[in-house]
Amino acid sequence: MTTSEIAVSVENLTKSYGTFAALKGITFDIKRGETFALLGPNGAGKSTTIEILEGYRDRTNGEVRVLGTDPQHGGLPWKAKLGIVLQSSGESGNVTVREQLTQFAGMYPNPRSVDEVIASIGLEEKAGTRIKNLSGGQRRRVDVGLGVIGRPELLFLDEPTTGFDPEARRQFWELIRSLKREGTTILLTTHYLDEAAQLSDRAAVVAGGVLVDIGPVGSLGSAEARIPIVRWRESGIVREQRAAEPGAVVAELVARLGEPEGLEVVRPSLEDIYLDLVSTQFAGTENTEAEARVLANQTDPTAGTMRESELA
Amino acid sequence: MSTVTQTSPSSPSSPSSAGGAGAAAFGVGRTVRLGLSRIGYETKIYFRQTDTLFFTFLFPVIMLTIFSVAFQGMGNVGANPDGTGGISQAAAYLPGMIAAGILLSGVQNLGVDIATERGDGTLKRLGGTPLPVLSYFFGKIGQVFATSVLQIALLLLVAVVAFGVQLPTDPAKWMTFVWVYLLGIATSAILGIAISRLPRSGKSATAVIIPPVLILQFISGVYLQFALLPDWLQTVASIFPLKWIAQGLRSVFLPESFASVEPGGAWNLGAVAVALLIWLVAGLIVCRVTFRWIRKDS
């Protein structure tokens, strides 16, 4: 694959805050036109990774190329090719939706039409409303609008649909699909696994600063993790069995018990597989409770020292 | 959120205009054009914030009114022993209030504004766009300039219409006014950008920036007559730019006879220019060295 076909390449990326290692060597590529999801629990290193790619943070070590440029030295022409939707936005918003989009459109060499973007984020009715008077979900849509106004080649979306109602989320997916059809490369972080499954071509799971798995969403996790589960009740006790061929197990049950009580055949959901992936990352450490606390506190740089002292 | 129509010429395989024609497309012209567009945008926002409107824009007008009315009974300033001559309280306060307006419009306005923008994520967002830092500064400085011109016009209008203050007629005085104003407002705006780095968060911005600005107004001849301050306090005030702006403006708006109570018995406009230039250059250096869109790795 030539470099021009690769939008983002990350090799052995590490990031430390003092003694705390937020990223411990992450490697992945994103192809041009691909929609790539970064999954993982809070504090896993998703935002650190995405902010290094956006040029907001400097890496400690490793190689990073975003549209062929090292983000630590990305100039204005490079930034003009990016669209960035940050995780949080708290601006006072004393401008209207249209004014803000118009102002941002002026910064890019080849922007989309403001009206088109307002329509695509579904805020036609609110175009003349000051942003501070919008609801949280509507403000988030403005964020997305500002991210796409410059017709980016590469769009970063850091938890874009937090605070959306289900309908707005569906509409947002449609928008993302239309960007994808245009050939936009998209890097997405999200907590909603259905969102990753709906939108992304491939996903990577990050936990504890390590890349745990990567691949098409349907193939994440071990083959074992995806084995269906047969569940039934026998003598009042719920039993379950993992079976690659659940039909055979059910047939055996029927032969043995007649119609089994409470029979279910469950294929592990993406959620199950994901939770399994994230938890096995920490299997093998004895003090899992401390680990859980470290995970919860990972945005706090002092968490690193805590981890060392408690796991020593 | 429906689909975006597919009119995009920037398909991923085509060479990007940003990459190819980069040097020309991202030159000085673009920086200036974006800067001008930012001036309109920033000025519009300024007048939509009611707290800035009151504490920055109208504050000197309100103070001029209060002082002029409150001290009217004390008679004219600089009057002869028999009560004749001298100038009205409003005329005596006018130059100080214009100086205060210059300080508020620059240092206080931008100091609080930019610290707040750093705190609420505005700067982080702009840092991810191809907006040049210089265009952002143009926008801020242009906003300071536009709003302070309006502020001074309002001050002069109130002084003349409400208090009958006589403005100078000598063109030379107005020439002095123009350079003192331009040098003062430029210095004040640059120092506002520089000082915006101090507050640790957007929420603490007003608490960090307003007190020193207020103290400066008291020791620099805005609210209290400079000549009446003790020598040591005058010396302290002389370190800071507000004292020099006020002194320069007194030379414009007060009668020549008032020069005798200035330090050294003269307006000393040369020192005004030098002091303001030193602050301007120092401020520019601080801005150049310290300004970042975000606190990296904080």
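Residues numbered from 1 in each chain as written. Chains lettered and ligands numbered in written order. Predicted model: local features only at pLDDT ≥ 70, side-chain atom pairs only at ≥ 80, totals over all residues. Heavy atoms only, no water.

1. Topic: a nonpolar patch on the surface
Stage number 1. A cluster of nonpolar side chains, Val28(B), Val32(B), Leu36(B) and Phe138(B), forms an exposed patch at the surface whose accessible area comes to about 380 Å².
Stage number 2. With three residues, the top contributor of residues to the nonpolar patch is helix 3 (residues 28-46) of chain B. (Patch = residues over 30% accessible without salt bridge, like charges linked within 9 Å, V, L, I, M, F, W, Y side chains within 5 Å. Areas by Shrake-Rupley, 256 points an atom, 1.4 Å probe, with all protein chains shown as cover. Salt bridge = Lys/Arg side-chain N within 4 Å of Asp/Glu carboxyl O. Helix = DSSP H or I, 4+ residues; strand = E, 2+ residues; numbered from the N terminus.)

2. Examining the pattern of salt bridges
Stage number 1. Tallied over the entire structure, the rule returns 27 salt bridges over all chains.
Stage number 2. For the salt bridge of Glu51(A) with Lys124(B), the shortest nitrogen-to-oxygen distance reads 2.5 Å. Residue Glu51(A) is found in helix 1 (residues 46-54), and its partner Lys124(B) is found in helix 6 (residues 122-127); the two belong to separate chains.
Stage number 3. Taking the shortest distance from any N to any O, the salt bridge between Glu240(A) and Arg231(A) comes out at 2.9 Å.
Stage number 4. Judged by its relative accessible area of 51%, Glu240(A) falls in the exposed class.
Stage number 5. Since its relative accessible area comes to 25%, Arg231(A) is described here as partly exposed.
Stage number 6. By sharing partners, the salt bridges in this structure join Arg38(B), Glu42(B), Asp113(B), Glu117(B) and Lys140(B) into a single network. (Buried < 20%, exposed > 50% of the residue type's maximum accessible area, 1.4 Å probe, protein only.)

3. Some thoughts on the sheet that holds strand 4 (residues 61-66) of chain A
Within a sheet, adjacent strands bond to each other through the backbone by hydrogen bonds, running parallel or antiparallel.
All names here are of chain A.
Stage number 1. In spatial order, the strands read 2-1-4; together these three strands make up an open sheet with antiparallel pairing. Two strands bound the open sheet, and with one partner strand each, they are strand 2 (20-31) and strand 4. With strand direction ignored, the average angle separating the axes of adjacent strands in the sheet is 15 degrees.
Stage number 2. Packing of helix 1 onto the sheet brings it into contact with strand 1 (6-17), strand 2 and strand 4, and relative to strand 1 it is tilted by some 120 degrees. (Pairing = 2+ DSSP bridges. Axes fitted to C-alpha atoms, helices over the stretch in contact; angles between N-to-C directions. Contact = heavy atoms within 4.5 Å.)

4. A look at the packing of helix 5 (residues 89-120) of chain B against helix 8 (residues 171-195) of chain B
Residue and element names in this part refer to chain B.
Stage number 1. Two numbers describe how helix 5 lies on helix 8: the axes approach to 7 Å, and their chain directions differ by 25 degrees. Regarding the angle of helix 5 to helix 8, the classification is roughly parallel. Seen from above, helix 5 lies across helix 8 with right-handed handedness. Note on element contacts: helix 8 touches helix 5 through Phe177, Tyr181, Gly184, Ile185, Ser188, Ala189, Leu191, Gly192, Ile193 and Ile195, opposite Ile98, Ile102, Leu103, Ser105, Gly106, Val107, Leu110, Gly111 and Ile114.
Stage number 2. When its residues are assigned to classes, the contact of helix 5 with helix 8 shows 13 nonpolar, six polar and no charged. (Parallel < 35°, antiparallel > 145°, perpendicular 65-115°, else oblique. Left-handed = near helix turned anticlockwise from the far one by under 90°. Nonpolar A, V, L, I, M, F, W, Y, C, P; charged D, E, K, R; others polar.)

5. Quick notes on the pairing of strand 9 (residues 210-215) of chain A
Residues and elements named next belong to chain A.
Stage number 1. Examined bridge by bridge, strand 8 (residues 202-207) and strand 9 share five bridges and lie antiparallel to one another. In the strand pairing of strand 9, Ala203 is matched with Gly215.
Stage number 2. Where strand 8 folds back on strand 9, the antiparallel hairpin that results is connected by two residues, among which Gly208 adopts a positive phi of roughly 55 degrees.

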